[in-house]
Number of protein chains: 2
Amino acid sequence: MISQDILKQSISDSINNKTKPPGSLGVLEDMAMQIGMLQGTSRPELRKPHIVVFAGDHGIAATGLVNPYPQEVTAQMVLNFLNGGAAINVFCRQNKIELNVVDAGVKNEFITGTETGEARLIHAKIGEGTRNYLEEPAMSEDELNRSIESGKLIVSRIQKDGCNIIGFGEMGIGNTSSAALIMSAITGTPVRDCVGRGTGVDDDQLKTKISTLEKVFEKHWGEINEGPANSNLSVFSHNILRCFGGFEIAMMVGAFLKAAELRMVVVVDGFIATAALLCAKLIEPDLLRACIFAHTSGEQGHQKMLEFLGAKPLLQFRMRLGEGTGAALAIPLIQSSVNFLNEMASFDSAGVSNKDSLELSQS
Amino acid sequence: MISQDILKQSISDSINNKTKPPGSLGVLEDMAMQIGMLQGTSRPELRKPHIVVFAGDHGIAATGLVNPYPQEVTAQMVLNFLNGGAAINVFCRQNKIELNVVDAGVKNEFITGTETGEARLIHAKIGEGTRNYLEEPAMSEDELNRSIESGKLIVSRIQKDGCNIIGFGEMGIGNTSSAALIMSAITGTPVRDCVGRGTGVDDDQLKTKISTLEKVFEKHWGEINEGPANSNLSVFSHNILRCFGGFEIAMMVGAFLKAAELRMVVVVDGFIATAALLCAKLIEPDLLRACIFAHTSGEQGHQKMLEFLGAKPLLQFRMRLGEGTGAALAIPLIQSSVNFLNEMASFDSAGVSNKDSLELSQS
């Protein structure tokens, strides 16, 4: 097996021999290096890009305490995905990305026959939405484990189909609340600083959202942090997901873990996807070498999550839609990094003088 | 004719009725609004995207005082464009952008038969490179006027061919020096703060570059700023271009003016393109409504130019290659803004509950 140092030098040489001043493609060069190292070659390839949107309902959403849109919107938006009318459909069509929509736990039955070719529906329902975490943990240990396993299985199948670059999106009314609670538990940031406006709560609703989630955090924090969780980050992560999670978030954790294990390029979307990544990273600390961060969300809190991870996303578009829309926009930019590495001429092959030739001609 | 206010409201309504929380597509919504207003419709379209790369040589480059690469590289890179081996070729192929390369004044003869289908060569040579502005103005009044007219003509022809979104790139060893001088003259920033490393001068070369360009600035500033230039910004702009310009920069000024006049979407690349835009904006102050800024260049100075213009580019990738590469990467993002406006379902058409329906159901 080729040593990491030799591989790195080989990719670096290839980048620097292209007909351009060294370093002049900036972030694209960084990505070319990362993907080359991940795939173990100076000629990396990106094949069959996919976005997988995990959808699930949240017990808390039925209370109306944290969300301006009614809970039914989760199911309505899944149908919108299947009919091709959502933002993620538009960007996937434009950028030739295959779109998969997973029913991870929506309070609605979807019939496979309703698909229109715009998106593939994957049935992986764990339950009819999570329980209300104001009263009890969002899911059972068994539901959590099945969620994570389903996420892994879905990614394995997509990878077997030839895909090696994947982004994860989500749909779930109420899930910015889950993400804020997860963020608080993992980064130590007070709940109030993790909570944002989500799909658009007003000032009064925001106060209610914060006080509700502070109560939720207090209720479960002892249980999350006790016993083996104190010394085992994986147990800690599972406890957080069980108490605060959505099925779609837990499934995304499994998806992150499997995609990184399979050395796929993993495109990280916004606030909720990054919350899932925080959980996944507790389980597999090496995860980030596979990850490219698509965008900084307009949801307050995302910036802090990114700083916690030391991540610098590609786009700063103030987007806060979810669905994987940031990831879908970023994929062409990631493809550009691999394309320049594979397709540009070298100084030699193009007959272009390099800086060295000037020094030579001047001496 | 539809009033601007009614049009703005109509585009805004269309954006807000899409199945997404209001404002949640951030910068994409801003672009959709800008392009809608520019085209005078709530259903804007982007057709046949083009990049035009203007290439020219600079008298100063023969001295080796400002540039680490030899002057011949300008011609070599034009051949590289025509053969499809440069970064701009890769990104145009990927993003289905037609590439035109203009010989605005390269010290080399290009034969049309050498084209390979990767890029169209346009002959518009004004001269065999500019004169050395250490000694005399870079070009004559007549050469300047012909440059600007050629730029206009080239854009007119491309627009007649059906294109309505266009980005301009450049190639010219020594042209970051022209751009720095232009920036200093227009923004009032001292020359030393406008000069950067270009394609990669080292510390000693940078000192020489700065002191050389300070001399050039001193030599011509009186002539640039005298008489009618004092009260007429267009004359001031022409004087700056005549003394400091390259043929490729002056041609790009004409191209900006014509593209904005024809209400094309104008994608602004990096340091040199923005210097040309500064000149064009002195001639036509209304220019910016047509402009979308692609990226913040890694060339120091560009950030200050952007602040001077109040511009916020789409990408921050530390790129400093020129050729229009930033513009080529940005075009799919601009297309996404128009696509969501045209293709997404509305709340009504998709049967998705809006926030209002929640308020209704709760009342």
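Look a little higher up for the structure.
Conventions and cut-offs
Along each chain, the written sequence defines residue order, and numbers are assigned to residues from 1. Chain letters and ligand numbers both follow the written order, the letters beginning at A and the numbers at 1. Given that the model is predicted, a residue must reach a pLDDT of at least 70 before its local features are reported, and side-chain atom pairs must reach 80 or more before they are shown or counted; all residues, however, enter totals for whole chains, interfaces and linings. The basis for the side-chain values is all heavy atoms of the structure; hydrogens and waters are excluded. Only Phe, Tyr and Trp rings take part, Trp by its six-membered ring, and two of them pair if their centres are within 6.5 Å. Stacked means planes under 30 degrees apart, edge-to-face means over 60, and tilted covers everything else. To qualify as a helix, a DSSP run of H or I must reach at least 4 residues; to qualify as a strand, a run of E must reach at least 2; elements of each kind are numbered from the N terminus. Each residue is assigned to one of three classes by its accessible area relative to the maximum for its type, calculated with a 1.4 Å probe on protein chains only: buried under 20%, partly exposed between the two thresholds, exposed over 50%. Should any heavy atoms of two residues lie within 4.5 Å, those residues are considered in contact. By convention, the term buried area covers the 1.4 Å-probe accessible surface removed from two parts as they join, with the contributions of both added. Salt bridges are counted wherever a side-chain nitrogen of Lys or Arg sits within 4 Å of a carboxyl oxygen of Asp or Glu. Pairs of N or O atoms within 3.5 Å make up the polar contacts considered here, provided that, within protein, one atom can donate a hydrogen while the other can accept it, and that residues adjacent in sequence are counted only when both atoms are side-chain atoms. Copies overlap after least-squares fitting; the atoms used are the C-alpha atoms of residues with pLDDT of at least 70 in both. The pairing criterion for strands is at least two bridges between them, as found by DSSP. Between N-to-C directions, angles span 0 to 180 degrees; the directions come from axes that are lines fitted to C-alpha atoms, helices contributing only their stretch in contact. To sort the angles, those under 35 degrees are grouped as roughly parallel, those over 145 as roughly antiparallel, those from 65 to 115 as roughly perpendicular, and the leftovers as oblique. Residue classes follow a fixed rule: Ala, Val, Leu, Ile, Met, Phe, Trp, Tyr, Cys and Pro count as nonpolar, while Asp, Glu, Lys and Arg count as charged, and any other residue, Gly among them, counts as polar. The span expected for a helix works out to 1.5 Å for each residue beyond the first. Definition of nonpolar core: a set of buried residues of the types Ala, Val, Leu, Ile, Met, Phe, Trp, Tyr and Cys, connected through side-chain atoms within 4.5 Å.

Enquirer: How would you explain the packing of aromatic side chains if you had to name every residue and give the values?
Expert: One pass over the full model with this rule turns up twelve aromatic pairs over all chains. Relative to Trp221 of chain B, the ring of Phe217 of chain B lies with its centre 5.1 Å away and its plane at 15°, an arrangement referred to as stacked. Here Trp221 of chain B and Phe217 of chain B lie together in helix 8 (residues 203–225), a separation of four residues that amounts to about one turn. Residue Phe217 of chain B is classed as buried on the basis of its relative accessible area, which comes to 14%. The partly exposed category is assigned to Trp221 of chain B, whose relative accessible area is 28%. Relative to Phe244 of chain B, the ring of Phe217 of chain B has its centre 5.8 Å away and its plane inclined at 20°; by these criteria the two rings are stacked. On the criterion of sequence distance, the pair formed by Phe217 of chain B in helix 8 and Phe244 of chain B in helix 9 (residues 233–244) is long-range, its members being 27 residues apart. Neither Phe217 of chain B nor Phe244 of chain B differs from the other in exposure class; each is buried. Site record: aromatic cluster; members linked through ring pairs are Tyr133, Phe217, Trp221, Phe236 and Phe244 of chain A.

Enquirer: A description of the interface of chain B and chain A should follow, citing residues and the corresponding values.
Expert: Taken together, the contacts link 55 residues of chain B with 55 residues of chain A. Buried surface at the junction of chain B and chain A, both sides included, amounts to about 4,800 Å², of which 59% is carbon and sulfur. Inspection of the chain B/chain A interface yields four salt bridges. A salt bridge links Glu343 of chain B to Arg93 of chain A; the shortest N-O distance between them is 2.9 Å. Across the contact surface, chain B and chain A share 22 residue pairs in polar contact (both at pLDDT 80 or more).

Enquirer: Describe in detail the relation of the copies chain B and chain A, supporting the description with residues and values.
Expert: Mapping chain B onto chain A calls for a screw motion: a turn of 180° about the axis and a shift of 0.0 Å along it, with 0.0 Å RMSD after fitting. Expressed as a symmetry operation, the mapping of one chain copy onto the other fits a two-fold axis. Looking at the rotation axis and the C-alpha trace of chain B, the residue lying nearest is Leu315 of chain B, at 3.3 Å. Take the interface residues of chain B: 100% of them recur as interface residues in chain A, which is what a same-surface contact looks like.

Enquirer: Give a description of the pairing of strand 1 (residues 50–56) of chain A that names residues and reports values.
Expert: Residues and elements named next belong to chain A. Counting buried residues along strand 1, seven of its seven residues qualify, which places the element largely inside the surrounding structure. Neither face of strand 1 is left uncovered, since the one carrying His50, Val52, Phe54 and Gly56 and the one carrying Ile51, Val53 and Ala55 both have all their residues buried. Pairing geometry for strand 1 and strand 4 (residues 165–171), over six bridges, is parallel. Residue pairing in the sheet places Val52 in a bridge with Phe168 of strand 4.

Enquirer: Before we move on, could you go through the environment of Gln94 of chain A and cite the residues and values that matter?
Expert: Along the polypeptide, Gln94 of chain A turns up in helix 4 (residues 87–95). C-alpha separation for the pair Gln94 of chain A and Leu329 of chain A, spaced 235 residues apart in sequence, amounts to 9.4 Å. Setting aside its immediate chain neighbours within four residues, Gln94 of chain A contacts Pro332, Gln335, Ser336 and Asn339 of chain B.

Enquirer: Now, about the side chain of Asn89 of chain B: what can you tell me, with residues and values included?
Expert: Residues and elements named next belong to chain B. Among the structural elements, Asn89 can be located in helix 4 (residues 87–95). By relative accessible area, which is 2% here, Asn89 ends up buried. In this structure the side chain of Asn89 is engaged in a polar contact, spanning 3.5 Å, whose partner is the backbone nitrogen of Gly85. Excluding residues that lie within four positions of it along the chain, Asn89 makes contacts with Asn80, Phe81, Gly84, Leu99, Glu118 and Ala119.

Enquirer: Which residues make up the packing of helix 5 (residues 141–160) of chain A against helix 9 (residues 233–244) of chain A, and what are the values?
Expert: All names here are of chain A. Between helix 5 and helix 9, the shortest axis-to-axis distance is 10 Å and the interhelical angle comes to 105°. As judged from the angle between their axes, helix 5 and helix 9 are roughly perpendicular. Taking contact as the criterion, the partners of Glu141, Leu144, Asn145 and Ile148 in helix 5 are, on helix 9, His238, Leu241 and Arg242. Looking at side-chain class alone, the contact of helix 5 with helix 9 contains three nonpolar, two polar and two charged residues.

Enquirer: Pulling in residues and values, what's your account of the pattern of salt bridges?
Expert: Residues and elements named next belong to chain A. Inspection of every chain in the model, using the stated rule, returns 32 salt bridges over all chains. A salt bridge links Glu118 to Arg93, with the shortest nitrogen-to-oxygen separation between them at 2.8 Å. Of this pair, Glu118 sits in the loop between strand 2 (98–105) and strand 3 (120–123) while Arg93 sits in helix 4; the two residues are 25 residues apart in sequence, bridging distant segments of the chain. A relative accessible area of 29% places Glu118 in the partly exposed class. One salt bridge in this structure joins Arg146 and Asp142, with 3.2 Å as the shortest N-O distance. Highlighted residues: Arg146 and Asp142, both in helix 5, separated by four residues, approximately one helical turn. Take Arg146: its relative accessible area is 36%, and that puts it in the partly exposed class. Put simply, Asp103, Glu109, Lys125 and Glu128 are held in one network by salt bridges that share partners.

Enquirer: Hey, could you go over the sheet that holds strand 5 (residues 265–268) of chain A for me, with residue numbers and the actual values?
Expert: Residues and elements named next belong to chain A. Judged by pairing direction, the sheet is parallel, and its six strands sit side by side in the order 3-2-1-4-5-6 without closing on themselves. Edge positions in the sheet fall to strand 3 and strand 6 (291–293), since each of these pairs with one other strand and no more. Each strand axis lies, on average, 25° off the axis of its neighbour in the sheet, ignoring direction. Taken together, the three bridges between strand 5 and strand 6 define a ladder with parallel strand orientation. Directly across from Val268, in strand 6, lies its bridge partner Phe293. With respect to the sheet, helix 2 (residues 26–39) is in contact with strand 5 and strand 6, its orientation differing from that of strand 6 by roughly 160°.

Enquirer: With reference to specific residues and values, describe helix 6 (residues 175–187) of chain A.
Expert: Residue and element names in this part refer to chain A. Look at helix 6: 18 Å from first C-alpha to last across 13 residues, which is about the 18 Å you get at 1.5 Å a residue. Here helix 6 lies mainly inside the structure; twelve of its 13 residues are buried. Restricting attention to buried positions, one finds in helix 6 the residues Asn175, Thr176, Ser177, Ser178, Ala179, Ala180, Leu181, Ile182, Met183, Ser184, Ala185 and Ile186. Trailing helix 6 by a residue or two, Gly188 shows a phi angle of about 80°, which is positive.

Enquirer: Account for the nonpolar core, with residues named and values stated.
Expert: Among the nonpolar cores identified, the biggest contains 274 residues, and Phe168 and Phe256 of chain A together with Phe168 and Phe256 of chain B are the most heavily contacted of them. Beyond its immediate sequence surroundings of up to four residues, Phe256 of chain B is in contact with Phe168, Val266, Val268, Ala273, Ala276, Leu277, Ala280 and Leu287 of chain B.

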